[in-house]
Amino acid sequence: MSIYTDRIQPTNSAIATYLDNLLAKKYQIPTFQRDIVWERENVKKLWDSIYKFYPLGSILIWKTSTKLESHREIGGIKLADDFSSNEYQYILDGQQRTTALLTSIYGDKNNIACKNKFNPALYVDLTIEFTDATDDTSYIKRFLFWDEIDDKNGQNKLNKSKNQRYDENVIVKLEDIKNDYSNVERNLYKGGYGDFDHPYRQQLAKCKEVLDNYRMSFIELRGIEVAEVCQIFERINQAGKPLNIFDIVVAKTFRPENKTNNISGFYLRELFDKFKKTIPSSQYASIDNWTLLQMLAVVVKIEFPEAGIQNITDRYLNELKTEYIEAVWSDFKIAIAKTFDFFDNCLHIKGGRLIPYRYLYLTLTAYFYRNAKPDYSFLDKYFWYYSFHNADLLTNTTHLWQHIDFVNQQKANTTYSFNKFDIDKNSIRKSFYSYRGRLSRAILSLYANHKPQDWAKPHRDVLSDVYYLLTDKPNLHHIFPVNFIKQSGIASQIECDSLMNIAYLSQITNLQISDKNPLDYLKEYDEPGLEIVLHSHLIPTIILEWSRADALPEHALSIFIEERINLLLEALMLKLDGIEFNVFDMGNRTDKIYS
């Protein structure tokens, strides 16, 4: 157990010493710390606790030789420029208390300490007496911010008396008590408060005693690596938010610019943000940084097998080094751009919500990385094969690396082949109106791939970039409307919610259709070319025949669903041309094999 004895060390120091050490750049705040959210009332209560010598709770300090990217300012006050040290001290817990203390004394040059824009430099009204230990209200009047004192040259009558006390030197800035105490005393003496027993002098002495003698508690961590710090941070973080591995990698790979030694700076967060702005499709520009980091790890593993990136879990993402990222960055950006372009412009899937497996981002990036002649016919088969296969074949990292090996076989022009493709008609039949399931996403992707046209404006694609920007999600319409089915009783709720009863429509068309009988609303759009429009939705034209005959057969929705399943399978079979295609139906127990 002796190896752990020095890992955690409690210590303490005076507030004034802590603040001086902050200004001396002996502490840094890493960028993974959360934004500051304290309001002015919280700051006053903090100082009231200090004034009463109540405990504040410990500040958690991580002492390490690891240099991270850190905030270089707190409240506009510089804490750290480019410098090196044998041991760095990072504030893991206590940033908000630290900020409140520092800006209360020295102000906030950039007005960033609190949500409401005000100067957080704190003043003490020496005329406010402290009654007893249970006094829980006087602090509101004792500790003041400048906007509570300034009478704006007499225009603010509420502050007139406080502004007068300020002019009489009995409302005093905390900074002056800390750094210019003798002058504060001199001003009181000149103002007629020379008696040491005067209550104002007693209040001043009390504040000085607090600044000199109140002890801040610290817990210092040593000999702890970044991965363990993530766990510690998550457990002590009062907001309950886990420390994102992306924040850690950004901090670890950060390199400040050094013009003297001709060393360029490196800031991964900035690289990601700048790259996202270059992505033409805003839908894919919103991809999360964790996924991008995993895509980057895959490329680094391919390019540098010795780098130790054995997987895409947080444990191995933590091993990413600046030099590896710099070496692959240019080609990595090209690979990502090609991946998004493939989804957007080849598959016509407008946005990541429809990608069946998130690991597809990683496998395709690996394929496009330094690939001058990608085979889009192969990629098309690859995407639809694994998106629709009856078995989930891309759900874990073991699958992931198998897939990367597979696509890289084609990339290297070596022999590859797809196994028999299996699909269950019943699983399609029971895929519901949801974005969560892999097969549901695949079905909606196939609908999108056929570039469905607007029923009211047949020459316009429904799923345009503009359309996606105007809505939070694709506007999906029940072909047999829900309320119509409930009122007519022609089908069950399960059949109603089947994705075989769903189509992409423009919002206006969807509103016009509302809950109408499909026999009625189809008549409104029955112009030459409507059959082609329905085909672009993989909708069987039998429903148009019913509309023209003005009669729905018994079990119409069931018949419609089966017809649409067959259309979907025919479209999928064309996508997988040359692959053995096995259709079975766990609902009807019939098997069909195509080749």
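Just so you know, these numbers come straight off a predicted model, no measurement behind them.

## Some details on the overall build of the protein chain
Here comes step 1: Summing up its helical and strand segments, the protein chain has 28 helices and 16 strands in all.
Here comes step 2: Looking at the protein chain as a whole, 51% of its 595 residues qualify as buried.
Here comes step 3: The contacts of the protein chain with a sequence gap of at least 6 include a subset with a gap of at least 24, amounting to 72%.

## Here's the deal with the pairing of strand β12 (residues 421–424)
Here comes step 1: Residues Phe421 and Ile423 point to one face of β12 and Asp422 and Asp424 to the other, with burial holding for every one of them.
Here comes step 2: Here β12 pairs with strand β15 (residues 581–585) via 4 bridges, running parallel. Pairing of Phe421 across the sheet is with Phe581, part of β15.

## Some thoughts on the confidence of the model for the protein chain
Here comes step 1: On average, the protein chain scores 86 in pLDDT, and the residues at 70 or more come to 87%.
Here comes step 2: When pLDDT is averaged over each helix and strand of the protein chain, the minimum, 45, is found for helix α21 (residues 465–470) and the maximum, 98, for helix α16 (residues 359–368).
Here comes step 3: A low-confidence stretch, residues 110–116 (pLDDT under 50), is modelled with 21 contacts involving residues beyond four sequence positions or located in other chains.
Here comes step 4: Below a pLDDT of 50 lies the segment residues 466–474, which in the model reaches 21 contacts outside its immediate sequence neighbourhood of four places, other chains included.

## Looking at the packing of aromatic side chains
Here comes step 1: Throughout the structure, instances matching the rule amount to 44 aromatic pairs.
Here comes step 2: Look at Phe378 and Tyr382: their rings are 6.3 Å apart centre to centre, the planes differ by 25°, and that puts the pair in the stacked class. On the criterion of helical spacing, the pair formed by Phe378 and Tyr382 is a turn pair, its members being 4 residues apart in helix α17 (residues 376–388).
Here comes step 3: Taking the relative accessible area as the measure of exposure, Phe378 reaches 2% and is therefore buried.

## Observations regarding the pattern of salt bridges
Here comes step 1: Scanning the entire structure with this criterion turns up 27 salt bridges.
Here comes step 2: Here Arg222 ties to Glu220 by a salt bridge, and the two come within 3.8 Å at their closest N and O atoms.
Here comes step 3: Glu220 sits in the buried class, given a relative accessible area of 13%.
Here comes step 4: Across the pair Arg548 and Glu531 runs a salt bridge whose closest N-O atoms are separated by 3.0 Å. On the criterion of sequence distance, the pair formed by Arg548 in helix α27 (residues 542–549) and Glu531 in helix α26 (residues 530–536) is long-range, its members being 17 residues apart.
Here comes step 5: Each of the salt bridges in this network shares a partner with another, and the network as a whole consists of Lys63, Glu87, Glu220 and Arg222.

## What about the side chain of Ser431?
Here comes step 1: By secondary structure assignment, the location of Ser431 is in the loop between α19 (425–429) and α20 (438–449).
Here comes step 2: Here Ser431 is in contact with Leu439, Ser440, Ile443, Asp497, Ser498 and Leu499, once residues within four sequence places are set aside.

## A short note on the nonpolar core
Here comes step 1: If you look at the biggest cluster of nonpolar residues, it comprises 117 residues, and the most contacted ones within it are Leu268, Phe343, Phe388, Trp455 and Phe480.
Here comes step 2: In terms of residues, this core owes the most to one element, helix α15 (residues 322–346), which gives 10 residues.
Here comes step 3: Residues within four places of Leu268 in sequence aside, it is in contact with Phe246, Val249, Val250, Thr253, Leu293, Leu296 and Ile325.
Here comes step 4: The next biggest cluster of nonpolar side chains, apart from the first, holds 41 residues, and it includes Leu46, Ile59, Tyr181 and Tyr214.

## Things to note about the sheet that holds strand β11 (residues 215–221)
Here comes step 1: Pairing within the open sheet is mixed, and its 4 strands lie in the order β1-β11-β3-β7. Only two strands of the sheet have a single partner each, and these edge strands are β1 (8–14) and β7 (88–93). Pairs of neighbouring strands in the sheet enclose a mean axial angle of 35°, with direction left out of account.
Here comes step 2: Packed onto the sheet, helix α1 (residues 15–23) meets β1, β3 (59–64), β7 and β11 and runs at close to 100° relative to β1.

## Let's talk about the sheet that holds strand β10 (residues 171–173)
Here comes step 1: As summarised here, the arrangement of the 3 strands in space is β9-β8-β10, forming an open sheet in which the pairing is antiparallel. Edge positions in the sheet fall to β9 (143–145) and β10, since each of these pairs with one other strand and no more. Pairs of neighbouring strands in the sheet enclose a mean axial angle of 40°, with direction left out of account.
Here comes step 2: Examined bridge by bridge, strand β8 (residues 122–125) and β9 share 3 bridges and lie antiparallel to one another. Bridge pairing in β9 places Leu122 opposite Phe145.

Here is what the cut-offs are and how they apply
- Residues numbered from 1 in each chain as written.
- Predicted model: local features only at pLDDT ≥ 70, side-chain atom pairs only at ≥ 80, totals over all residues.
- Heavy atoms only, no water.
- Helix = DSSP H or I, 4+ residues; strand = E, 2+ residues; numbered from the N terminus.
- Buried < 20%, exposed > 50% of the residue type's maximum accessible area, 1.4 Å probe, protein only.
- Contact = heavy atoms within 4.5 Å.
- Pairing = 2+ DSSP bridges.
- pLDDT = per-residue confidence, 0-100.
- Phe/Tyr/Trp six-rings, centres within 6.5 Å; stacked < 30°, edge-to-face > 60°.
- Salt bridge = Lys/Arg side-chain N within 4 Å of Asp/Glu carboxyl O.
- Core = buried A, V, L, I, M, F, W, Y, C linked by side-chain atoms within 4.5 Å.
- Axes fitted to C-alpha atoms, helices over the stretch in contact; angles between N-to-C directions.

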